[in-house]
Amino acid sequence: MGELLQFLQAQWMLVLSGIVVLVLLLRGPLSRRIAGIEEVDPSAAVHLINHEDAVIIDVREQEEWSRGHLPNARHIPLGDLSKYVKDLEKHRGHHVICQCASGMRSARAAALLKKAGFDKIYSLKGGIHAWRGAGLPVEK
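Residues numbered from 1 in each chain as written. Predicted model: local features only at pLDDT ≥ 70, side-chain atom pairs only at ≥ 80, totals over all residues. Heavy atoms only, no water.

A. Structural context of the side chain of Arg-60. Assignment of secondary structure puts Arg-60 in the loop between β2 (55-58) and α4 (62-66). There is a polar contact of 2.8 Å between the side chain of Arg-60 and the side chain of Asp-58. At a separation of 3.2 Å, a polar atom in the side chain of Arg-60 contacts the main-chain carbonyl oxygen of Glu-64. (Helix = DSSP H or I, 4+ residues; strand = E, 2+ residues; numbered from the N terminus. Polar contact = N/O pair within 3.5 Å; in protein donor to acceptor, adjacent residues only side chain to side chain.)

B. Local environment of the pairing of β2. Of the two faces of β2, the one holding Val-55 and Ile-57 and the one holding Ile-56 and Asp-58 are both buried throughout. Note that β2 and strand β4 (residues 96-99) share four bridges and pair parallel. Within β4, the position partnered with Ile-57 by the bridge is Cys-98. In terms of strand pairing, β2 meets strand β3 (residues 74-75) through two bridges, oriented parallel. Paired with Ile-57 across the two strands is Arg-74, which belongs to β3. (Buried < 20%, exposed > 50% of the residue type's maximum accessible area, 1.4 Å probe, protein only. Pairing = 2+ DSSP bridges.)

C. Just the packing of aromatic side chains, in detail. For the structure shown, the criterion picks out zero aromatic pairs. Above the plane of the ring of Phe-118 lies Arg-92, whose end atom (NZ or CZ) is 4.9 Å from the centre. (Phe/Tyr/Trp six-rings, centres within 6.5 Å; stacked < 30°, edge-to-face > 60°. Lys NZ or Arg CZ within 6 Å of the ring centre and 35° of its normal.)

D. Just the pattern of salt bridges, in detail. Within this structure, the stated rule accounts for four salt bridges. Note that Asp-58 is salt-bridged to Arg-60, the shortest N-O span being 2.8 Å. The exposure class assigned to Asp-58 is buried, which follows from its relative accessible area of 0%. Overall, the relative accessible area of 3% leaves Arg-60 in the buried class. Here Arg-105 and Glu-64 are joined by a salt bridge, their closest N and O atoms 2.8 Å apart. (Salt bridge = Lys/Arg side-chain N within 4 Å of Asp/Glu carboxyl O.)

E. Region of interest: a nonpolar patch on the surface. On the surface, a nonpolar cluster with roughly 640 Å² of combined accessible area is contributed by Met-1, Leu-4, Leu-5, Phe-7, Leu-8 and Leu-14. With four residues, the single largest contributor to the nonpolar patch is helix α1 (residues 2-10). In this fold, Leu-4 is placed in helix α1. Taking relative accessible area as the criterion, Leu-4 reaches 47% and is therefore assigned partly exposed. (Patch = residues over 30% accessible without salt bridge, like charges linked within 9 Å, V, L, I, M, F, W, Y side chains within 5 Å. Areas by Shrake-Rupley, 256 points an atom, 1.4 Å probe, with all protein chains shown as cover.)

Right, dumping it as structure tokens:
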């Protein structure tokens with residue numbers, strides 16, 4: 001135990017750096033879990049879309065949206081989402097899948113909708129990159 005303390009004292013910068021890296025890696029998944037945001041992979045999203053009539057909200061910017069998006073997705077950029085919460089009220093009882101490029105913005109969008117009272121809210125894990133990687137269709 002004494003040797004471990006000596007090492008920690010001698011290498012405090014290395015230990016601190018390791019802790020910071022660990023916190024940064026775990027911050028996203030932990031904050032989503034605490035907020036109650038469930039991530040779905042593309043195959044689970046397809047199931048929700050086909051069998052549960054899920055609504056897809058694409059929170060990317062217009063330029064990204066124009067390059068291709070999930071079929072039947074509704075485009076609401078993340079920065080504008082809070083303005084559209086009232087319009088989305090009609091979907092409160094539906095499954096709602098938020099989607100972006102990689103899954104980071106969609107998690108924030110899902111958290112915003114969760115706070116607004118939406119219960120069946122999901123974030124597409126890996127975003128449109130994962131969707132395309134699974135060979136699923138996009139439309140322009």
